[in-house]
Amino acid sequence: MAGGWLIGVLLEVPGEPAPLRHYFAIGHEDQGKSEWTAVDWAGRAGRVAESPKAGQEPVQAIRPLTLAKMKTLGLAPGEVRELGWRHPRRWLTG
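An account of the accompanying structure is given in this report. (Residues numbered from 1 in each chain as written. Predicted model: local features only at pLDDT ≥ 70, side-chain atom pairs only at ≥ 80, totals over all residues. Heavy atoms only, no water.)

The next point concerns the overall build of the protein chain. Assigned secondary structure in the protein chain consists of three helices and five strands. In sequence order, the protein chain lays out its α and β elements as β-β-α-β-β-α-β-α. At 13 Å, the protein chain has a C-alpha radius of gyration in line with the 12 Å of a compact globule built from 94 residues. Counting every position in the protein chain, which comprises 94 residues, the buried fraction comes to 38%. For the protein chain, long-range pairs separated by at least 24 residues make up 70% of all intrachain contacts whose partners lie at least 6 apart in sequence. Here the protein chain displays about 5500 Å² of accessible surface, and carbon together with sulfur accounts for 53% of that area. On the protein chain, the mean spot of the 12 positive side-chain charges and the mean spot of the 10 negative ones are 10 Å from each other. (Helix = DSSP H or I, 4+ residues; strand = E, 2+ residues; numbered from the N terminus. Rg over C-alpha atoms; globule rule 2.2 N^0.38 Å. Buried < 20%, exposed > 50% of the residue type's maximum accessible area, 1.4 Å probe, protein only. Contact = heavy atoms within 4.5 Å. Areas by Shrake-Rupley, 256 points an atom, 1.4 Å probe, with all protein chains shown as cover. Lys, Arg positive; Asp, Glu negative; His and termini not counted. Charge placed at Lys NZ, Arg CZ, Asp CG, Glu CD.)

Given below as structure tokens:
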């Protein structure tokens, strides 16, 4: 059972030729709530893409996070952690 979600949001950033995926760890069990929370936070870093780009959806639930994984990485229930532009390998293992 998911305790949270790893979400990617495509952002159109001035000066970049293509949208970039920005990653968030969201401590909500509900996938939809996690996706909307990520979109709200992503708006701080750029403009959220309005349609798919190069086959990538603007908002993508990448992986559910177990409570054990959340505890290991220090994500509390209800917390939002902005992970940045780099692919979050730590959050995807085991």
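Once the structure has been displayed, the description carries forward.
Before going further, it helps to examine the nonpolar core. Soluble, globular proteins show a tendency: their nonpolar side chains are buried together. Counting eleven residues, the largest nonpolar core is built from Ala2, Trp5, Ile7, Val9, Leu11, Val13, Phe24, Ile26, Ala38, Ala42 and Val80. Among the elements that line this core, the one with the most residues is strand S1 (residues 4-12), at four residues. Setting aside residues no more than four positions away along its own chain, Leu11 makes contact with Pro19, Leu20, His22, Ala42, Ala45, Gly46, Arg47, Val48, Ala49 and Trp85. Counting residues in each nonpolar core, the second largest holds seven residues, with Leu6, Leu65, Leu73 and Trp91 among its members. (Core = buried A, V, L, I, M, F, W, Y, C linked by side-chain atoms within 4.5 Å.)

Strand S2 (residues 20-26) sits mainly inside the fold: six of its seven residues count as buried. Note that S1 and S2 share seven bridges and pair antiparallel. Note that in S2 the partner of Trp5 across the bridge is Ile26. Of the strand pairs in this sheet, S2 and strand S5 (residues 80-84) are connected by four bridges, and their pairing is antiparallel. Its bridge partner lying in S5, Ala25 is registered against Arg81. (Pairing = 2+ DSSP bridges.)

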